[in-house]
Amino acid sequence: MIDVLLVARTHLVTALRERVTLFWFLIFPVFLLVLLSLIFGQIGQEGEITFTVTLVDFDRGSEGPFAGVIAGVFENLAEPDTAGGDPLFNLIRPDAADDLNAFLDAELVALRRGRRAAVVAIPAGYGRTIERRLFASSEDAEGEVELALYASEGNASSDMAIEVIDQVLAGVDREILTGAGLFDSSESVPHVTARIGSPEGEPRYVDFLLPGIVLMGFFTNGLFGIPGAILFSREQRVLQRYWVTPLSVPRYLAGLSIGHLTLCAFQFALLYLIGRLALGASVTFGGYGPALLLVLAAVTFMAFGFLIASLAKTGNAGMAVANILNMPMMFLSGLFFSVTGLPGVLRVLFYVNPVSYLADGLRASVGVEAGVFPMSLVIGVPLAWIALSSAVTAWRLRWDVGR
Amino acid sequence: MAESILMRVSELVKHYGEVRAVDGVSFDVPDAAVFTLLGPNGAGKTTTLEILEGIRDPDSGEIEIFGRRLRRVDRATKQRMGVLLQEGNFEPYLKVREVIRLFASFFESSRSVDEILDRIALADKAGTYVKNLSGGQRQRLAIGAALVNDPELVFLDEPTTGLDPQARRNVWSVVSDLRSTGVAIVMTTHYMEEAEALSDHVCIMDHGKLIAEGSPRELSATLGQETIIEFNADGATEEDLAPLDTRCKAVRAEGDLVTVETEDLVATMESLLAWSKRQKTALSDMAVRQPNLEDVFLALTGRRLRE
Amino acid sequence: MNAFLALVRSETATFVRDKMAVFFTFLFPLIFILIFGFLMGDVDSPSATLGLYGAVTIDEASLRSVIDESGVNRTRSFGSEGELEDAVAGRSVDFGLVWNGRALEFLYHPNRIQENHAFEQLALGIADAFNLRRQGLSPILPIRTVHVGSEASTRWLNQMVPGIIAFSILSSGLFAISGHLTGMKQRKTLDRLIVTPMQPVAFLAAIAVVRLAVVYVSTLLTILISIAVFDLTFSIDWLRLTVLVLCSTLGMMGLGTVIALVVRRPSSAGNVANILAMIMMFLSGIYFPIEFMPPFLRALSRGLPLTYMADAMRFATGVSDMSVVRFWAIALSLLGLAVVLFPILAGYVVRPQRT
């Protein structure tokens, strides 16, 4: 028994001592977890971003009750709020002496180049147009001018700025209509936002992400670690030194597997601790369901690693295969992005991929979302892969370079 | 003095396609002695050893080891053996101590790690990573791994190939110490000096066959009462050397190196001196010595051990 | 001259025969784009299906007409709130709307984090318009939204492809030195060359020339296939593209030199280069817009060469705009990196490898 344990210890210790392995198996998943949590945690946090917006008011100095109302609203929003926080807009205005048309053209160029989030151009006669629309009984479209909202579609902050400005202008709409006695805000129906299906209240993105990153960690470990260990040890004739002793191949494999699963446990522990302590995750992996699925995942990916080791002839070939499989299997599994709307071939790959079922099942079992696949598939497909890999490994894996 | 035979090999054969790497080799390995397979590269020494170590299957032949007849060496036998492979590595990120401990765990009984480290003189490197060891230190570590179970029979495949003279000397002293503790050692080498210095019994192999065996002294004695004279004769041609033939057994010239085999040392020396005076050629770098295993091999095959 | 050509020949042969290098240079970016293209195909114009329950008790006509005029593509009605919730959970509708007697309650799936944002915007629009419509009003302010960029920039994939190309150039340039050259040093192949009259300059030039050719072909291939498979739009300025490819490849070879010099063990240089490339890939705005990152990451992103390479590549392929001055500044800085480090690299080549 001690020989098996020492083989396991050897695998574990060498993985941790090699700086490269340490990075890819431990540091990189943590990096990804932290990065994605930070980034996707920001969506919907527009309130904390300040947008650089240009306002060109061609209607300034005109008369009427509504001249300058828009400009006034924007200027308000460019002031820091009462709590001393950053204002919503960093407003760019032309100087009094500037030629407004030239200024607008220059600002549009700046917008195109990403230096502005949006440009608002209030045309001359806009105040009049508002008046006419409010008080004229019929649509007097003649002389009606439109406010131009310039955006750079596809630029993230521009898209967000437009949403914010749309809301601001909608607010202005209501103000004007209320002020004109046409709109009774007390008659307004409020709206609320609710999430369904999560008993602990609002789940955070990190709760959704954590099971996925854990699986990714197990996956890279199995895909790269196992073929690496076996193929390079065989090539370097480290294994040969073992075979001239009483150590048998099954015992070596048992040790390797235990070492590998221990490494997976380390990965899980590290990611879990960081997720909970540093990123505020509330998901726990307690209970038989999650534990079983985690073990199943670790074993499935380990078997996959053996499969690669038995099909590749050299260490470099094995790493090449692992690299080729790595990305498609991870991304075509719903681990990071939902995979609705895939065309034919890719859809097949999704259904064949054991990661798809494990990701879905694990998320369901920790209560982060209702699973799509039935439990029979979640357990069955990975088991089928384990069986297939074991069969191929038993048939093809060579332990000596030449007999 | 009855020698107990620890291992008996009969008619071992291994071929790869047309090539007969091991062609009907038979020998007995006695207890508490150093038994050496000597031969040039490609003679089949390593293949023979690998069959005996259990990592290669023979095509035919029998092995009797520790009193048991086997076709292939099994795990029970491996418990009592130690093996140093010709080529091999350890996990680069393991420490020396960890390597010994790992290998010790493969056997039912083993010496303590510290004892082994002392034996191979790596006690002060116990905490060093394998990847930071020199070539000689790695070889000693490999020997340590072969001795960890206190074996009765040890295989050393080319133990000093590629080592510098100091490292080679270190290994030689480990081997002699080992022998003095009563362990049987089966060794392969293509270094004649090594075979002569360490062995009790030598088998000379060439092209898969055993062509001679005996103690180093016995083998050298097959060349009779010969003496070997070697000298450097700058630019002497075959014709120039012809007159020397008469008083000696053989004269060979390889480039500038002339080798003279003779059974009558005095007469040959006289004719040599006369020849040198006539030719006005100096006999530079001259050496007079007893025949060694290299000369035996040369006499048997017409080739040198080292090409 | 002869030596240089012979070296170009041997470098080409070495590259072509290294299947992994060929795969990573040509196929890797393509696989990336294919997978992402198919996965995120509908991100530009997402469809939204709204499930409804209980709309009858409030001004249904107004609500319906407002919903029709919003960006919602389809609506489905449900007989009970439970059924609606199941539909949201099962993703057969994207979000739900329930009139609970007091407020319009919009229901969302908790895990569709990226998509929910768009649905929430739709919900907001519906609620606002509904309140106006109930009182017989419509928005008073005439507004039109104008998109100022190129048509190409509206498509997410169109924006991403130049970034992937930039990354591919980064890898090729980086690994030409920290990987390929360092490998030769480690295996002592380099030592064997430098004891001949071969000039290190010729050798480095040969490596650079082969890399440039490979990178340029790969870039063209990637662009062609993106257009063919996904119908993307590029309006390529060939001068700018060529200059950018040239300067970035050389500049990244310069960066690879820095790594090779700092990481003294040649075998580790390739690994370090790999890690740096991976980190740069995530932080340079190719996949996640920089604006979404917290301030310290945004600052870090602005220090990475890949950020600028990707920007410049988008400009050169006509996807986004930048000032011409900025483009040339980026190109020349990258070239400058190469020029400054070239003599140092030549020294590295000539220094014999000690264990």
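These figures come from a predicted structure and were not determined experimentally. (Residues numbered from 1 in each chain as written. Chains lettered and ligands numbered in written order. Predicted model: local features only at pLDDT ≥ 70, side-chain atom pairs only at ≥ 80, totals over all residues.)

Looking at the overall build of chain A
Now for step 1: Looking only at helices and strands, chain A features 14 helices and five strands.
Now for step 2: Taking 403 residues into account, the globule formula puts the C-alpha radius of gyration at 22 Å, and chain A, at 31 Å, lies well above it.
Now for step 3: The principal-axis extents of the C-alpha atoms in chain A amount to approximately 100 × 45 × 45 Å.
Now for step 4: Here chain A holds 403 residues, and 40% of them are scored as buried.
Now for step 5: Of the contacts formed within chain A by residues at least 6 apart in sequence, a portion of 76% connects residues at least 24 apart. (Helix = DSSP H or I, 4+ residues; strand = E, 2+ residues; numbered from the N terminus. Rg over C-alpha atoms; globule rule 2.2 N^0.38 Å. Buried ≥ 20, exposed ≤ 12 C-beta atoms within 10 Å, placed from the backbone. Contact = placed C-beta atoms within 7 Å.)

Regarding the overall build of chain C
Now for step 1: A tally of helices and strands in chain C yields 13 helices and five strands.
Now for step 2: Computed over the C-alpha atoms, the radius of gyration of chain C is 27 Å, more than 25% above the 20 Å expected from 2.2 N^0.38 for a compact globule of 355 residues.
Now for step 3: Here the C-alpha coordinates of chain C stretch approximately 90 × 40 × 40 Å along the principal axes.
Now for step 4: Within chain C, buried positions represent 43% of all 355 residues.
Now for step 5: Residue pairs at least 24 apart in sequence account for 78% of intrachain contacts in chain C once pairs closer than 6 positions are excluded.

Things to note about the arrangement of the chains
Now for step 1: When the two pairs of chains in contact are compared, the highest contact count belongs to chains A and C.
Now for step 2: With respect to C-alpha atoms, chain B approaches chain C no nearer than 11 Å, and the pair has no contact.

Comments concerning the interface of chain B and chain A
Many descriptions give the size of an interface as the accessible area lost when the pieces come together.
Now for step 1: Listed as interface residues are 24 residues of chain B and, on the opposing side, 20 residues of chain A.
Now for step 2: Within the residue set of the side of chain B that touches chain A, elements represented by two or more residues are α2 (75-78) and α3 (96-104) of chain B.
Now for step 3: Classifying every residue of the side of chain B that touches chain A gives eleven nonpolar, five polar and eight charged. (Nonpolar A, V, L, I, M, F, W, Y, C, P; charged D, E, K, R; others polar.)

Overview of the nonpolar core
Grouped burial of nonpolar side chains is what soluble globular proteins tend to show.
Now for step 1: With 216 residues, the main nonpolar core has Leu215(A), Leu358(A), Val99(B), Ile100(B) and Ile185(B) as its most contacted residues.
Now for step 2: In this view, Ile185(B) contacts Val34(B), Phe35(B), Val154(B), Leu156(B), Val175(B), Leu178(B) and Arg179(B); residues no more than four positions away in its chain are not counted.
Now for step 3: Leu111(A), Ala118(A), Tyr150(A) and Leu169(A) belong to the second largest nonpolar core, which has 34 residues in total. (Core = buried A, V, L, I, M, F, W, Y, C linked by C-beta atoms within 7 Å.)

Points about helix α14 (residues 375-396) of chain A
All names here are of chain A.
Now for step 1: With 22 residues, α14 ought to run about 32 Å at 1.5 Å a step, and its terminal C-alpha atoms sit 32 Å apart, in line with that.
Now for step 2: For α14, the full list of buried residues reads Val 378, Val 381, Pro 382, Trp 385, Ile 386 and Ser 389. Projected down its long axis, α14 carries its buried residues within an arc of 135°, all on one side. Along α14, the residues that are exposed and aim more than 90 degrees away from the buried face are Ser 376, Ala 387, Ala 391, Ala 394 and Trp 395.
Now for step 3: Tucked into the core, α14 has its buried residues touching α10 (288-311) and α13 (354-365). (Expected span 1.5 Å × (residues − 1). Arc of directions from axis to C-beta.)

Regarding the sheet that holds strand β14 (residues 284-289) of chain B
Residue and element names in this part refer to chain B.
Now for step 1: Strand order in the open sheet made by the four strands is β12-β13-β11-β14, with antiparallel pairing throughout. Every interior strand has two partners, whereas the edge strands, β12 (250-254) and β14, have only one. Neighbour-to-neighbour, the strand axes of this sheet turn through a mean angle of 15°, independent of strand direction.
Now for step 2: With five bridges connecting them, β12 and strand β13 (residues 257-262) associate as antiparallel partners. (Pairing = 2+ DSSP bridges. Axes fitted to C-alpha atoms, helices over the stretch in contact; angles between N-to-C directions.)

Details of the pairing of strand β10 (residues 209-214) of chain B
Residue and element names in this part refer to chain B.
Now for step 1: Pairing of strand β9 (residues 201-206) with β10, which is carried by five bridges, proceeds in the antiparallel orientation. Looking at the pairing, Met 205 lines up with Leu 210 of β10.
Now for step 2: Where β9 hands over to β10, the hairpin turn is made up of two residues, of which His 207 adopts a positive phi near 50°.

Re the packing of helix α9 (residues 238-262) of chain C against helix α13 (residues 324-350) of chain C
Residue and element names in this part refer to chain C.
Now for step 1: It is at 7 Å that the axes of α9 and α13 come closest, and there the two elements cross at 40°. Comparing their axes, α13 and α9 come out oblique. Crossing angle aside, the handedness with which α9 passes α13 is left-handed.
Now for step 2: Its residues placed into classes, the contact of α9 with α13 shows 19 nonpolar, four polar and one charged. (Parallel < 35°, antiparallel > 145°, perpendicular 65-115°, else oblique. Left-handed = near helix turned anticlockwise from the far one by under 90°.)

Brief notes about the domain arrangement of chain A
Now for step 1: The domain architecture assigned to chain A consists of domain 1 (2-41 + 204-396) and domain 2 (46-187).
Now for step 2: If you average the C-alpha positions of domain 1 of chain A and of domain 2 of chain A, the two centres end up 53 Å apart. (Domains from an automatic or database assignment.)

A short note on the packing of helix α6 (residues 156-186) of chain C against helix α10 (residues 266-283) of chain C
All names here are of chain C.
Now for step 1: Orientation of α6 relative to α10, taken along the N-to-C sense of each, is 170°, at an axis distance of 7 Å. It follows that α6 is roughly antiparallel to α10 by the angle criterion. Two secondary-structure elements touch here, α6 through Phe 167, Leu 170, Ser 171, Leu 174, Phe 175, Ser 178, Gly 179, Thr 182, Gly 183, Lys 185 and Gln 186 and α10 through Pro 266, Ser 267, Ala 269, Gly 270, Val 272, Ala 273, Ala 277, Met 280 and Met 281.
Now for step 2: When its residues are assigned to classes, the contact of α6 with α10 shows eleven nonpolar, eight polar and one charged.

Regarding the interface of chain C and chain A
Now for step 1: Tallying the contact residues gives 62 residues for chain C and 70 residues for chain A.
Now for step 2: Listing elements by their share of the side of chain C that touches chain A, those giving two or more residues are α2 (19-39), α4 (81-89), β4 (104-108), α5 (113-134), β5 (143-147), α6 and α10 of chain C.
Now for step 3: A per-element tally of the side of chain C that touches chain A places α5(C) first, with eleven residues.
Now for step 4: Relative to β5(C), strand β4 (residues 147-151) of chain A runs parallel, the two being bridged by five bridges.

Quick notes on α13(C)
Residue and element names in this part refer to chain C.
Now for step 1: In this model, α13 (27 residues) spans 39 Å end to end at C-alpha, consistent with the 39 Å of a helix rising 1.5 Å per residue.
Now for step 2: A maximum bend of about 40° is found in α13 at Phe 342, where proline Pro 343 lies one to four positions downstream.
Now for step 3: Turning to α13, its buried residues are Ile 330, Ala 331, Leu 334, Leu 337, Ala 338, Leu 341, Leu 345 and Val 349.
Now for step 4: Those residues of α13 that are buried lie in contact with α6, α7 (189-194), α8 (200-230), α9 and α12 (305-316). (Bend = angle between axes of the 7 residues up to and from the residue.)

Description of the confidence of the model for chain A
Now for step 1: Looking at chain A, pLDDT values average 86 and 93% of them are 70 or higher.
Now for step 2: For chain A, per-element mean pLDDT is lowest for strand β5 (residues 191-195) of chain A, which scores 83, and highest for α10(A), which scores 94. (pLDDT = per-residue confidence, 0-100.)

A word on the confidence of the model for chain C
Now for step 1: Confidence along chain C averages 86 in pLDDT terms, with 97% of residues attaining 70 or more.
Now for step 2: Two summary scores accompany this predicted model of the complex, namely pTM at 0.82 and ipTM at 0.83.

A word on the sheet that holds strand β7 (residues 153-157) of chain B
Think of a sheet as strands paired side by side through backbone hydrogen bonds, with each pair either parallel or antiparallel.
Residue and element names in this part refer to chain B.
Now for step 1: In spatial order, the strands read β6-β7-β8-β3-β9-β10; together these six strands make up an open sheet with mixed pairing. Strands with a single pairing partner mark the edges of an open sheet, and in this sheet they are β6 (81-84) and β10. Sheet twist, expressed as the average angle between the axes of neighbouring strands with direction ignored, equals 15°.
Now for step 2: With five bridges joining them, β7 and strand β8 (residues 184-189) adopt parallel strand pairing. Across the sheet, residue Val 154 finds its bridge partner in β8, namely Ile 185.
Now for step 3: Set on the sheet, helix α1 (residues 45-53) makes contact with β3 (34-38), β6, β7, β8 and β9; between it and β7 the angle comes to about 145°.
Now for step 4: Set on the sheet, helix α6 (residues 165-180) makes contact with β3, β7 and β8; between it and β8 the angle comes to about 150°.

Side note on the pairing of β7(B)
Residue and element names in this part refer to chain B.
Now for step 1: Most of β7 sits out of view: five of its five residues are buried.
Now for step 2: Residue alternation in β7 divides its side chains into two sets, Leu 153, Phe 155 and Asp 157 and Val 154 and Leu 156, and both sets are buried.
Now for step 3: Viewed along the sheet, the connection from β7 through α6 into β8 turns out right-handed. (Right-handed = clockwise from strand over helix to strand, strands pointing away.)

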